[in-house]
Amino acid sequence: DAPSDLVREMDKFGVALCCVFSLAGVSSDETYGNDRVAEAVNQHPDRFLGFTLVNPHRGERLMLAELERGRRMGLRGVKLIPYYQAYPTEGPMIDVACRFANQHGLVILNHDWGSPQQMRRLCQTYPNACFIAGHTTTAFGEVAKECGNLYICTCPCIDWGFPEKLVEVYGADRILFGSDLTDLPIGWGVGQILYSRISEAAKRLIMGGNLRRLLKRYS
């Protein structure tokens, strides 16, 4: 999809800003993918906030070079997805990306952070980074109580009552809406939140209030 196509889809659902990263770089050339993200951000700077995707298999030197290149191109977050890249979820190169995010005060999103013990260690070791768990999980409830720099994404809230469960575990102020666009349609994710049995104030936080607040501090 071209960036303009994504903007039209966002407009259809009233989405003001979308955090984006490259699928092309997940299992192939992440530099190519990050270039495409930078192009989209340059074309629509008010609509897209770009994340630099890295591959831990590259090793520390090349990971840091790509993260710095992404930062110079205007990408304002970090994306990890080691699970899809056949790299250990809690391998040592994960810390390389977290250390960079901590140094520059960035948001860092991961498909799967691993165990609660690992999540706690990362949040406490790198307090100047903002960690996002890229898929819904209730495993980090105790970690979130201890660490204010951890947020949970709503994608995907498959079961009825799951948004309510997330709010019960984390509080509405620690949950971020995630669509998984373009893999999933925006409306599928929006409906789960809007029809959930939580307060309107909670829905407003999840659907954008929390992201606006944390972007004033990070990235």
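Just so we're clear, the structure is a prediction, and the values are computed from it rather than from any experiment.

Draft legend 1. Highlighting the sheet that holds strand E5 (residues 130-133). Read across the sheet, seven strands follow the order E1-E2-E3-E4-E5-E6-E7 without closing on themselves; strand pairing throughout is parallel. Two strands close off the open sheet at either side, each with one partner strand: strand E1 (18-20) and strand E7 (175-176). Of the strand pairs in this sheet, strand E3 (residues 77-80) and strand E4 (residues 107-110) are connected by four bridges, and their pairing is parallel. Looking at E4, one finds that Leu80 is bridged to Asn110.

Draft legend 2. View of helix H8 (residues 162-170). Every buried residue belonging to H8 is among Pro163, Leu166 and Tyr170, and all of these are buried. End-on view of H8: buried residues confined to an arc of 55°, all on one side of the axis. Its buried side turned inward, H8 meets helix H7 (141-146), strand E6 (150-153), E7 and helix H9 (186-194). Gly171 sits one or two positions beyond H8 and adopts a positive phi of about 90°.

Draft legend 3. Region of the structure containing the pattern of salt bridges. Enumeration over the complete set of coordinates arrives at 13 salt bridges. Taking the shortest distance from any N to any O, the salt bridge between Glu200 and Arg204 comes out at 2.9 Å. Placement of both Glu200 and Arg204 in helix H10 (residues 200-215) is noted, with a separation of four residues, approximately one turn of the helix. Salt bridges linked by common partners bring Asp35, Glu66 and Arg69 together as one network.

Draft legend 4. Summary view of the pairing of E4. Burial along E4 is two-sided: the face carrying Val107 and Leu109 and the face carrying Ile108 and Asn110 are both buried. You can see the chain leave E3, run along helix H5 (residues 93-104) and come back into E4, and the turn it takes is right-handed. Two strands pair when backbone bridges link them, and E4 and E5 are joined in this way by four bridges, in the parallel orientation. Each residue of the ladder has a partner; that of Leu109, found in E5, is Ile132. The handedness of the E4 to E5 crossover, carried by helix H6 (residues 116-125), is right-handed.

Definitions and cut-offs
One numbering rule holds for all chains: residues counted from 1, following each sequence as written. Local features in this predicted model are restricted to residues whose pLDDT is 70 or higher, and side-chain atom pairs enter the listing and the counts only when it is 80 or higher, whereas totals over whole chains, interfaces and linings include all residues. In computing side-chain values, all of the structure's heavy atoms are included and hydrogens and water are not. What makes two strands pair is DSSP finding at least two bridges between them. A run of DSSP states H or I qualifies as a helix once it reaches four residues; a run of E qualifies as a strand once it reaches two. Both are numbered from the N-terminal end. For the exposure calls, accessible area comes from a 1.4 Å probe over protein chains only, and a residue counts as buried if that area is under 20% of its type's maximum, exposed if over 50%, partly exposed in between. The arc in question is formed by the directions pointing from the helix axis toward the C-beta atoms. For this analysis, residues touch if any pair of their heavy atoms sits within 4.5 Å. Here a salt bridge means any side-chain nitrogen of Lys or Arg lying within 4 Å of a carboxyl oxygen belonging to Asp or Glu. The handedness rule is simple: strands pointing away from the viewer, and a clockwise path from the first strand over the helix to the second, make the crossover right-handed.

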